[in-house]
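# Structural features, examined
Take a look at the letters that make up each chain.
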Amino acid sequence: MAAVLPDLGGLAKIGDTEPELTSTAEAGTEGTTAEPAAESTAAQAAEAAKAAEAADQLAAMSVGDAQPESNGGEQPFVPPPAPEPLTEAEVRERIRFDNGQLSGAGLELEAVPEWLGQEYSGATRLDLSYNQLAALDHLERFKGLQELVLDNNCLADGLALPKLPKLHTLTLNKNSISDIEAFLDMAKQRLPQLRYLSLLGNQACPNELVEKDEDDYQRYRYLVLHSLPKLKFLDSRNVTKEELAEAKRVGQFMRVVRYQEQDEEPAAAPSQPSESSEPNSLYRPLPQDLRDAQTHRATIGQCKYVYYGRHSEGNRFIRNQDL
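Residues numbered from 1 in each chain as written. Predicted model: local features only at pLDDT ≥ 70, side-chain atom pairs only at ≥ 80, totals over all residues. Heavy atoms only, no water.

### Quick look at the packing of aromatic side chains
Put simply, the test is: Pairing of aromatic side chains requires ring centres within 6.5 Å, counting the rings of Phe and Tyr and the six-membered ring of Trp. Pairs whose planes differ by under 30 degrees are stacked, by over 60 edge-to-face, and all others tilted. Under the scheme used here, helices are H or I runs from DSSP no shorter than 4 residues and strands are E runs no shorter than 2 residues, and both carry numbers assigned from the N terminus. Relative accessibility decides the category of a residue: with a 1.4 Å probe and only protein chains considered, values under 20% of the type maximum give buried, values over 50% give exposed, and everything between is partly exposed. In this scheme, the term charge over a ring applies when either NZ of a lysine or CZ of an arginine sits within 6 Å of the ring centre and within 35 degrees of the ring normal.
Applying the stated criterion to the full structure yields three aromatic pairs. Summarising the aromatic geometry, the rings of Phe97 and Tyr120 are spaced 5.2 Å apart at their centres and angled 50 degrees between planes, so their arrangement reads as tilted. One end of the pair, Phe97, is in strand β1 (residues 96-98); the other, Tyr120, is in the loop between α4 (114-119) and β3 (125-127), with 23 residues separating them in the sequence. Summarising the aromatic geometry, the rings of Tyr217 and Tyr220 are spaced 5.4 Å apart at their centres and angled 35 degrees between planes, so their arrangement reads as tilted. Remark: Tyr220 and Tyr217 occur in helix α6 (residues 214-227); sequence separation between them is three residues, near one turn of the helix. In this structure, Tyr217 and Tyr220 share a single accessibility class: buried. Sitting over the ring of Trp115, Arg92 keeps its end group 4.1 Å from the ring centre.

### Some thoughts on the sheet that holds strand β4 (residues 147-149)
Definition in use: Strands are labelled as partners when DSSP assigns at least two bridges between them.
Read from one edge of the open sheet, eight strands run β1-β2-β3-β4-β5-β6-β7-β8, paired in mixed fashion. Each edge of the sheet is formed by a strand with only one pairing partner; in this case those strands are β1 and β8 (237-238). In this sheet, strand β7 (residues 233-234) lies alongside strand β6 (residues 196-198) in parallel orientation, the contact comprising two bridges. Across the sheet, the residue bridging to Leu197 is Leu234, located in β7.

### Let's talk about the pattern of salt bridges
Using the following cut-off: Salt bridges are identified by distance alone: a Lys or Arg side-chain nitrogen within 4 Å of an Asp or Glu carboxyl oxygen.
Inspection of the entire model under this criterion finds seven salt bridges. A salt bridge links Arg141 to Glu114; the nearest nitrogen and oxygen atoms lie 3.9 Å apart. Here Arg141 is found in the loop between β3 and β4, whereas its partner Glu114 is found in helix α4, with 27 residues between them in sequence. By relative accessible area, which is 41% here, Glu114 ends up partly exposed. The residue Arg219 makes a salt bridge to Asp216 at a minimum N-O spacing of 2.1 Å. A residue pair is termed a helical-turn pair when its members lie 3 or 4 positions apart in one helix, as Arg219 and Asp216 do in helix α6 at three residues. Among the residues examined, Asp216 registers a relative accessible area of 17% and is labelled buried. Here the salt bridges share partners, and the residues they tie into one network are Glu88, Arg92 and Glu119.

### Overview of empty space enclosed by the protein
Applied cut-off: Here a cavity denotes grid points, spaced 1 Å and computed from the protein atoms alone, that fit a 1.4 Å probe unable to get out, and a pocket denotes an open set having protein on both sides within 12 Å along at least 5 of 7 lines; residues with an atom within 4 Å of a point are the lining. Grid points are joined across faces, edges and corners, and a volume is the space filled by probe spheres set on the points.
Throughout the structure, instances matching the rule amount to one cavity of 30 Å³ or more. Empty space within the largest cavity amounts to approximately 30 Å³. Taken together, Leu136, Leu148, Leu150, Leu161, Pro162, Leu164, Leu167, Leu170 and Leu191 form the lining of the largest cavity.

### Describing the side chain of Asn202
Short version of the rule: In the analysis that follows, any N or O atom pair within 3.5 Å is treated as a polar contact, provided that within protein one partner can donate a hydrogen and the other can accept it, and provided that, for residues neighboring in sequence, both atoms belong to side chains. Contacts were defined at the residue level, with two residues in contact if any of their heavy atoms lie within 4.5 Å.
With respect to the secondary-structure elements, Asn202 resides in the loop between β6 and α6. For Asn202, a relative accessible area of 5% gives the class buried. One polar contact links the side chain of Asn202 to the main-chain amide nitrogen of Asn175, over a distance of 3.4 Å. Leaving out residues up to four positions away in the same chain, Asn202 has contacts with Leu172, Asn173, Lys174, Asn175, Ser176 and Ile177.

### Things to note about the nonpolar core
Defined as follows: Each nonpolar core is a collection of buried residues, namely Ala, Val, Leu, Ile, Met, Phe, Trp, Tyr and Cys, held together in the definition by side-chain atoms within 4.5 Å.
Leu170, Phe183 and Leu197 are the most contacted members of the largest nonpolar core, which has 50 residues in total. Within the residue set of this core, elements represented by two or more residues are α4, α5 (180-190), α6 and α7 (241-250). Sort the elements by how many residues they give to this core and α6 lands first, with six residues. Contacts of Phe183, omitting those with residues within four sequence positions, involve Leu161, Leu170, Leu172, Ile177, Leu197 and Leu199.

Listed below in structure tokens is the structure:
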């Protein structure tokens, strides 16, 4: 049988044509062959740019998703920005005055405006709660003020109370007053007509709802009533005659002292006598001439004395004959 060999002429022809096409593309004689190559290169570059952009987005999403996983799957809490202080025009617009009652609550005031006492000096009730007040300047202009509400502010020790001769109600709940004695001394001098006082939520006022502070709160009431015996209402309940009589008797001894860690200081080590100390000093922890261990005198042994007391209570149980 004769073997049939493939025709290699066509392959040779095809191989021979490739250099011609290449040479024509390099020479630029046939633009139809170069244009598809340029278009394919541009398409590949565009696809690479899109892939890089998608990879960047995926990496950003993975970083953002990794934060809640470390926090138990919850979004981290971002506190809201602090509100900007109101302008004088905005404060004037929000102030409310009706029938002698002046309200400036919740205005984020850091100080009492001077014009407030000038324009509303006839007010009998003033509410400045839920602000950021740290001082009570310009309140002396309210000569006829009878009620003053200062809850939820930043008033602390060293507060200078204004002289208000007609004020009978003062509420200072949720502030930072801790020195109750200094506050009571100032209130006694500058608020002679005070009848209703509330200091709940301050460090100076123990929490009466906590069992361990219940006795402390009663002692606190005795202390306050001893300094201000004209009070009719303190914090959350009326003042009784029995409570006032007891406060008059023991109120001055009812100061509440709270333990604080910074109050505890390590005891200082006793100072050792130095060579430069005075020889005749009466306060020495040890004598200067210590006795040698070889010449120290002591004795050790068993006691031979026996107590035969018939009326001794302990002898009914002791069986040791050598006692």
